[in-house]
Amino acid sequence: MINLGWPELLIIMAVAILVIGPKELPVLMVGLGRVFKRIQYMKFAISRQFDDLMHDAGLSDLQDQVNFEAKDFDETAAGDEAHAQLQDPSHAHKQALEERED
């Protein structure tokens, strides 16, 4: 993400006023606001369509498993499991062999 503070924003506004002009700046800002609003709506619509498609296909449980932003996702448990696999890399291989034998 772009990290802009107040000094940077003031410099950008001053340059915009000098380059674009104070009369055309509000028109430009309204146009940019509409563009950003449309992009945000498109992002929402695409994610909504994806959610509907996953629900219709019966893959909602798969989506919930993949969704790391879910409220019940426990970062510490996932981190502990990953840490354990890093400490004992053969553990993953042992699990794979056990699953194959079954």
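Structure first, text after, so check above.
Please read all numbers here as calculations on a predicted model, not as lab measurements.

**Examining a nonpolar patch on the surface**
Together, Ile11, Val15, Leu18, Val19, Ile20, Leu28, Met29, Leu32, Val35, Phe36 and Ile39 make up an exposed nonpolar region whose accessible area comes to about 1100 Å². Secondary structure elements with two or more residues in the nonpolar patch: α1 (6–20) and α2 (25–56). The dominant element in the nonpolar patch, judged by the number of residues it contributes, is α2, at six residues. Relative to the helices and strands, Met29 is located in helix α2.

**A look at the layout of surface pockets**
Volume-wise, the largest pocket comes out at about 200 Å³. Every residue along the wall of the largest pocket is listed here: Ile12, Met13, Ala16, Ile17, Ile20, Leu25, Leu28, Met29 and Leu32. Looking at which element gives the most residues to the lining of the largest pocket, the answer is α1, with five residues. Looking at the lining of the largest pocket residue by residue, the class counts come to nine nonpolar, no polar and no charged.

**Concerning α1**
For α1, spanning 15 residues, the distance from its first C-alpha to its last is 20 Å, which sits close to the expected 21 Å at 1.5 Å a residue. Looking at the residues trailing α1, positive phi occurs at Gly21, about 105°.

**Some details on α2**
Across its 32 residues, α2 extends 46 Å between first and last C-alpha, which sits within 8% of the 46 Å expected from 1.5 Å per residue. Just past α2, the residue Gly58 takes up positive phi, approximately 75°.

Conventions and cut-offs
Throughout this document, residue positions are counted from 1 along each chain, in the order its sequence is written. Local features in this predicted model are restricted to residues whose pLDDT is 70 or higher, and side-chain atom pairs enter the listing and the counts only when it is 80 or higher, whereas totals over whole chains, interfaces and linings include all residues. With hydrogens and water excluded, all non-hydrogen atoms of the structure serve as input to the side-chain values. The residues that make up patches have over 30% relative accessible area and no salt bridge, and they are joined within 9 Å when like-charged or within 5 Å when they are Val, Leu, Ile, Met, Phe, Trp or Tyr. A 1.4 Å probe and the Shrake-Rupley method give the accessible areas. Residues count as covered only by the protein chains that appear here. Whenever a carboxyl oxygen of Asp or Glu lies within 4 Å of a side-chain nitrogen of Lys or Arg, that contact is scored as a salt bridge. Under the DSSP-based scheme used, a helix requires at least four consecutive residues in state H or I and a strand at least two consecutive residues in state E, with every element numbered from the N terminus. Whether a set of points on the 1 Å grid over the protein atoms alone is a cavity depends on a 1.4 Å probe fitting there but being unable to get out, while an open set qualifies as a pocket with protein on both sides within 12 Å along at least five of seven lines; lining residues are those with an atom within 4 Å of a point. Grid points are joined across faces, edges and corners, and a volume is the space filled by probe spheres set on the points. Three categories are distinguished: nonpolar for Ala, Val, Leu, Ile, Met, Phe, Trp, Tyr, Cys and Pro, charged for Asp, Glu, Lys and Arg, and polar for the others, with Gly belonging to the last. To estimate the expected span of a helix, count its residues, drop one, and scale the result by 1.5 Å.

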